[in-house]
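Residue strings, one per chain:
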Amino acid sequence: MESTWRWSLLAAVAPVTWGAAYYVTAQTLPDSHPLWGSVLRALPAGLLLLVVARRAPRGAWWWRSLVLGSLNMSAFFVLVYVAAQRLPTSVASTVMAVSPFALALVAWPLLGQRPRVASLAGAGLGFTGVVAMLLTGSVQIDPVGVLAGTAAMLMSSVGFVLATRWKDEVDVLTTTSWQLVAGGLLLVPVAVAAEGAPPTLDARGWLGLAFLSLVATALAYVTWFTALRHLPASAVGLVGLLNPVTGVAAGLTLGGEHLTGRQTLGVVAVLAAVLLGQPAVQARLRGRRPTPHPGHDTVRAVAQLTPRGSHVASPGATSSSS
């Protein structure tokens, strides 16, 4: 059970950084270059991970990398970029809050993970909480932005599940690097044809891009895919609801905002939904011990990113759980 919570905490790294990515994209990068913005986010992150992994694709991983790179990186980043530029963060986050449903339903036929009632109830509770936190009657909705956000959510759900199904014996850091490099390279000719030369960025833009590429992409995807190998997709999807909670926290911290009563209830509902989706909690509700979830030991992918001399606990030191 201890390791179950450990993987859940690791999964939380991704949505927390993604929650900040909407704000950083809208505030630091030009809205006229979504293709180049996506290239500059994916390719440096992938090359950095590839230098650490030091392993090229083999066999089926050549075409798998292209498929996953398209679903999880290139097309996804472009659509998220468009959504971030055309929608208020509140609306964009609400659209993406449907992803726990999508991830759980896609994992059913592709991974054989039938969603439990508690997971679906958590997804519904979480979506309700996000709506309570973020949406007001005064928000204007751009249909193009909503379509872009919805398409991004659906494509990434399929891509995340396929990445888990195709894990084989290749570690997470390596497969993530292949996806990012493939996704970035696929976008380069399209960006050149559609947008011409890359945009000129000021210091603020380069700082924003560094955060998006290194933290909200390289680190976030390694932790996210690692969690998907050790937890059911429905549980990881619900952890993703921390994305909009991060946006609310940023508003409180940086913008001097104050929570209304409805927003407070929304935050509580989202946090309750995240807990409800976790295997350890569901096992306690059923009066059983958590059932081990099949997955390979991928903690070395995170260990490779830590300085020498630091210690990352191995799942082998504790019981493997879901």
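It should be emphasised that the depicted structure is a prediction, and the values quoted were computed from it without experimental measurement. (Residues numbered from 1 in each chain as written. Predicted model: local features only at pLDDT ≥ 70, side-chain atom pairs only at ≥ 80, totals over all residues. Heavy atoms only, no water.)

### So, helix H7 (residues 143–165)
The α-helix winds at 3.6 residues per turn, so residues separated by three or four positions along the chain end up facing the same way.
Part 1 of the reasoning: Taking 1.5 Å as the rise per residue, H7 with 23 residues should run 33 Å; its terminal C-alpha atoms sit 33 Å apart, in good agreement.
Part 2 of the reasoning: Where H7 begins, the side chain of Asp142 points an oxygen toward the backbone nitrogen of Val144, at a separation of 2.9 Å. (Helix = DSSP H or I, 4+ residues; strand = E, 2+ residues; numbered from the N terminus. Expected span 1.5 Å × (residues − 1). Polar contact = N/O pair within 3.5 Å; in protein donor to acceptor, adjacent residues only side chain to side chain.)

### Quick word on the packing of helix H4 (residues 89–96) against H7
Part 1 of the reasoning: Remark: H4 packs on H7, axes separated minimally by 9 Å, with the N-to-C direction vectors making an angle of 35°. Remark: the crossing between H4 and H7 carries right-handed chirality. Counted together, Val91, Val95 and Met96 of H4 and Val146, Gly149, Thr150 and Met153 of H7 form the full contact between these two elements.
Part 2 of the reasoning: For the contact of H4 with H7, the per-class residue count stands at 5 nonpolar, 2 polar and no charged. (Axes fitted to C-alpha atoms, helices over the stretch in contact; angles between N-to-C directions. Left-handed = near helix turned anticlockwise from the far one by under 90°. Contact = heavy atoms within 4.5 Å. Nonpolar A, V, L, I, M, F, W, Y, C, P; charged D, E, K, R; others polar.)

### Observations concerning the packing of aromatic side chains
Part 1 of the reasoning: As enumerated under the stated definition, the model contains 10 aromatic pairs in all.
Part 2 of the reasoning: Centroid distance Trp18 to Tyr221: 5.3 Å. Interplanar angle 55°. Geometry classified as tilted. With Trp18 in helix H1 (residues 2–28) and Tyr221 in helix H9 (residues 203–230), this pair connects stretches of sequence that are 203 residues apart. The same class applies to Trp18 and to Tyr221, which are both buried.
Part 3 of the reasoning: Ring centres of Phe160 and Phe225 lie 5.8 Å apart, and the angle between their planes is 75°; on these two criteria the pair is classed as edge-to-face. Of this pair, Phe160 sits in helix H7 while Phe225 sits in helix H9, placing them 65 residues apart in sequence. Phe225 carries the same exposure label as Phe160, and that label is buried.
Part 4 of the reasoning: Counting every residue linked through ring pairs, the aromatic cluster contains Trp18, Phe76, Phe77, Phe160, Tyr221, Trp224 and Phe225.
Part 5 of the reasoning: The lysine or arginine in question, Arg6, covers the ring of Trp7, its NZ or CZ lying 5.2 Å from the ring centre.
Part 6 of the reasoning: When the ring centre of Trp61 is taken as origin, the NZ or CZ atom of Arg64, which lies over that ring, is 5.4 Å away. (Phe/Tyr/Trp six-rings, centres within 6.5 Å; stacked < 30°, edge-to-face > 60°. Buried < 20%, exposed > 50% of the residue type's maximum accessible area, 1.4 Å probe, protein only. Lys NZ or Arg CZ within 6 Å of the ring centre and 35° of its normal.)

### Considerations on the confidence of the model for the chain
Part 1 of the reasoning: When pLDDT is averaged along the chain, the result is 82, and 85% of the positions lie at 70 or above.
Part 2 of the reasoning: The least confident element of the chain is helix H14 (residues 299–303), whose mean pLDDT is 45; the most confident is helix H8 (residues 172–195), at 94.
Part 3 of the reasoning: Residue range residues 306–322 is modelled with pLDDT below 50. Its contacts to residues more than four positions away, or to other chains, number 34 contacts. (pLDDT = per-residue confidence, 0-100.)

### Topic: the environment of Tyr221
Part 1 of the reasoning: Taking relative accessible area as the criterion, Tyr221 reaches 1% and is therefore assigned buried.
Part 2 of the reasoning: Taking the C-alpha atoms as reference points, Tyr221 and Ser177, 44 residues apart in sequence, are found 9.4 Å from one another.
Part 3 of the reasoning: Setting aside anything within four residues of it in sequence, one finds Tyr221 in contact with Trp18, Asn72, Met73, Phe76, Phe77, Phe160, Thr176 and Ala216.

### A look at H8
Part 1 of the reasoning: For H8, spanning 24 residues, the distance from its first C-alpha to its last is 33 Å, which sits close to the expected 34 Å at 1.5 Å a residue.
Part 2 of the reasoning: If you look at H8, its biggest bend is around 30°, right at Val188, and the proline Pro189 turns up within four residues after that.
Part 3 of the reasoning: At the N-terminal end of H8, a side-chain oxygen is found 3.2 Å from the backbone nitrogen of Leu173, two or three residues along, and the residue is Asp171.
Part 4 of the reasoning: Within two residues after H8, Gly196 carries a phi angle of roughly 75°, on the positive side. (Bend = angle between axes of the 7 residues up to and from the residue.)

### Quick word on the packing of helix H3 (residues 61–86) against H7
Part 1 of the reasoning: Contact pair H3 / H7: the axes reach a minimum separation of 8 Å and the direction vectors enclose 155°. On the basis of their axis angle, the class for H3 and H7 is roughly antiparallel. Relative to H7, H3 is oriented so that their crossing is left-handed.
Part 2 of the reasoning: Here the contact of H3 with H7 is composed, by residue class, of 17 nonpolar, 6 polar and 1 charged. (Parallel < 35°, antiparallel > 145°, perpendicular 65-115°, else oblique.)

### Points about the nonpolar core
Part 1 of the reasoning: Trp18, Met133, Phe160, Tyr221, Trp224, Phe225 and Leu241 are the most contacted members of the largest nonpolar core, which has 76 residues in total.
Part 2 of the reasoning: Each residue touching Phe160, except ones within four places of it in the same chain, is listed here: Trp18, Asn72, Leu103, Tyr221, Trp224, Phe225 and Leu228.
Part 3 of the reasoning: Grouped together as the second largest cluster of nonpolar side chains are 8 residues, Trp36, Leu43, Val181 and Leu187 included. (Core = buried A, V, L, I, M, F, W, Y, C linked by side-chain atoms within 4.5 Å.)

### What to know about unusual backbone geometry
Part 1 of the reasoning: Residue Arg54 is not a glycine yet carries a positive backbone phi of 55°.
Part 2 of the reasoning: Checked against the element boundaries, Arg54 lands in the loop between helix H2 (34–53) and H3.

### A look at the side chain of Ser8
Part 1 of the reasoning: Here Ser8 is to be found in helix H1.
Part 2 of the reasoning: Judged by relative accessible area, which is 6%, Ser8 ranks as buried.
Part 3 of the reasoning: At 2.5 Å, the side chain of Ser8 forms a polar contact with the side chain of Gln278.
Part 4 of the reasoning: With near-sequence residues (within four places) excluded, Ser8 lies in contact with Leu231, Val239 and Gln278.

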